[in-house]
2 protein chains.
Amino acid sequence: MLRQRGLRATPQRLLVLQILEDVGEHLDAENIWLRGKDYDPSLSLATVYRTLHLLEENDLVSQRYFSRDHKKEYYELQKEEHYHFTCQRCGKVIEIHTPRIEQARQELAKELGLVFTHACICFEGYCSSCAQEIQHTQGEHTHVS
Amino acid sequence: MLRQRGLRATPQRLLVLQILEDVGEHLDAENIWLRGKDYDPSLSLATVYRTLHLLEENDLVSQRYFSRDHKKEYYELQKEEHYHFTCQRCGKVIEIHTPRIEQARQELAKELGLVFTHACICFEGYCSSCAQEIQHTQGEHTHVS
DNA sequence: TTTCGTGCAAATGGTTTGCAGACGC
DNA sequence: GCGTCTGCAAACCATTTGCACGAAA
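Student: What exactly am I supposed to notice about the protein's contact with DNA strand C here?
Tutor: Among the 23 residues in the neighbourhood of DNA strand C, the closest are listed as Tyr49, His53 and Glu73 of chain A together with Thr10 and Thr47 of chain B. When the atoms of DNA strand C within 4 Å of the protein are grouped by moiety, sugar and phosphate amount to 70% of the total. The separation between a base oxygen of DNA strand C and a polar side-chain atom of Arg8 of chain B is 2.8 Å. In this structure, Arg50 of chain B approaches DNA strand C through a side-chain N or O atom, which is 2.9 Å from a base nitrogen. Those elements that place two or more of their residues in the surface near DNA strand C are helix H3 (45-57) of chain A together with helix H1 (11-23) and helix H3 (45-57) of chain B. If one sorts the elements of the surface near DNA strand C by residue count, H3 of chain A sits on top with 5 residues. For the surface near DNA strand C, the per-class residue count stands at 7 nonpolar, 6 polar and 10 charged.

Dropping the structure here:
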């Protein structure tokens, strides 16, 4: 599949793809590297980065940011449109599906003549269970004070 | 206004606020620092960063990312809901207004019980004039070949 | 005077890059 | 064998932090 674009199917590249496939969810480069070293101890972090960029350019992988901290990049196999919500209390990442973003894109494309090629959309807050627990805690405090 | 929260109104803090107000659009920390040094040559970049974080925590300033490169943070005075679109050809940043994001938030809050506290939304692509020029260029190429 | 802020310089940490050797094709 | 890839280690660079001094309240 890659060879058609003049790229070499090296074991390192296949390994990175394999790991992303097996895990099935977003991983950061270091995590991919650590997992990869189980199979190829000489795998270097630089190669993981280079491979991820290459796979991204070829639309096999997409790079994402989570939550407010955009210092670290995450990667996942490209799949149908979706976004991410990170709970700032328990850290859970929830996959979000909504047609509103695409709707916004189409409306803005029509209104302003924009052509969209890429977007970074990520949400942060409290998941339902954390939100409940916080409300309970606050309720008690309010009651006491 | 800040003093009410137990914070000191130092000249450096006022200066950073002043610059953001005067410029009226997003700036990165280094840019703020450079402008600030015209008024206070001893101003340090570290103080600019510390001030921006403090202002952000107090909801006077909001931190943003633009385009695909999230290595650099930008800051602007907090104002009504809006998002940004960056043209990847001319670099222009266009301010976007759409109710769809808020709509998505509300729908997701109701459906999944999520509580939203923060989001990073930014778009990238071609502005209308760049999109036209690209189409022309491609048209010519197609014509020639 | 006491605490909070600042400037300086060094540290941080994820990501990128130069280079020489290794390997896919 | 040629041209691409890789591993290594060093470089990058925006941002953060430790520390001693300076200045608000």
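Having put the structure on the table, let's press on.
Student: Help me out: how do you make sense of the pairing of strand S6 (residues 115-126) of chain A in this one?
Tutor: For a regular strand, side-chain orientation follows a simple rule: the groups alternate between the two sheet faces. Relative to S6 of chain A, strand S4 (residues 83-87) of chain A runs parallel, the two being bridged by 4 bridges. Among the inter-strand pairings, Phe85 of chain A is bridged to a residue of S6 of chain A, identified as Phe123 of chain A.

Student: I'm lost on the packing of aromatic side chains in this one. Help?
Tutor: Throughout the structure, instances matching the rule amount to 6 aromatic pairs over all chains. Relative to Phe85 of chain B, the ring of Phe116 of chain A has its centre 5.2 Å away and its plane inclined at 80°; by these criteria the two rings are edge-to-face. Taken as a pair, Phe116 of chain A in strand S6 and Phe85 of chain B in strand S4 (residues 83-87) lie in two separate chains rather than in one. The two residues Phe116 of chain A and Phe85 of chain B agree in class, both being buried. By way of ring pairs, the aromatic residues Phe85 and Phe123 of chain A together with Phe116 of chain B are connected into one cluster.

Student: I would appreciate a short explanation of the interface of chain A and chain B in the present structure.
Tutor: Think of interface size as the accessible area that goes away when the parts come together; that is how it is often given. The partner chain B presents 36 residues to the 36 residues of chain A that form the contact. The salt bridge involving Glu107 of chain B is made with Arg100 of chain A; its shortest N-O contact spans 2.8 Å. Across the contact surface, chain A and chain B share 13 residue pairs in polar contact (both at pLDDT 80 or more). Of all the secondary structure elements, the ones that give two or more residues to the side of chain A that touches chain B are strand S5 (93-96), helix H4 (100-112), S6 and helix H5 (128-144) of chain A. Per element, the largest residue contribution to the side of chain A that touches chain B is 12 residues, and it comes from S6 of chain A. Of the residues that constitute the side of chain A that touches chain B, the class distribution is 19 nonpolar, 10 polar and 7 charged. Summarising the sheet, S6 of chain A and strand S6 (residues 115-126) of chain B pair through 11 bridges and their orientation is antiparallel. Bridging across to S6 of chain B, Ile121 of chain A finds its partner in Ile121 of chain B.

Student: Is there a simple way to think about the protein's contact with DNA strand D in this case?
Tutor: In the region of DNA strand D, 22 residues are neighbours, and Arg8 and Thr47 of chain A together with Tyr49, His53 and Glu73 of chain B sit closest. Among the atoms of DNA strand D close to the protein, meaning within 4 Å, 68% are from sugar or phosphate groups. Measuring from a sugar or linking oxygen of DNA strand D, one finds a backbone N or O atom of Lys71 of chain B at 3.3 Å. For the surface near DNA strand D, the elements supplying multiple residues, two or more each, are helix H1 (11-23) and H3 of chain A together with H3 of chain B. Top element by residues in the surface near DNA strand D is H3 of chain B. It accounts for 4 residues. Partitioning the surface near DNA strand D into residue classes produces 6 nonpolar, 6 polar and 10 charged.

How each quantity is defined
Residues numbered from 1 in each chain as written. Chains lettered and ligands numbered in written order. Predicted model: local features only at pLDDT ≥ 70, side-chain atom pairs only at ≥ 80, totals over all residues. Heavy atoms only, no water. Near = heavy atom within 4 Å. Polar contact = N/O pair within 3.5 Å; in protein donor to acceptor, adjacent residues only side chain to side chain. Helix = DSSP H or I, 4+ residues; strand = E, 2+ residues; numbered from the N terminus. Nonpolar A, V, L, I, M, F, W, Y, C, P; charged D, E, K, R; others polar. Pairing = 2+ DSSP bridges. Phe/Tyr/Trp six-rings, centres within 6.5 Å; stacked < 30°, edge-to-face > 60°. Buried < 20%, exposed > 50% of the residue type's maximum accessible area, 1.4 Å probe, protein only. Contact = heavy atoms within 4.5 Å. Salt bridge = Lys/Arg side-chain N within 4 Å of Asp/Glu carboxyl O.

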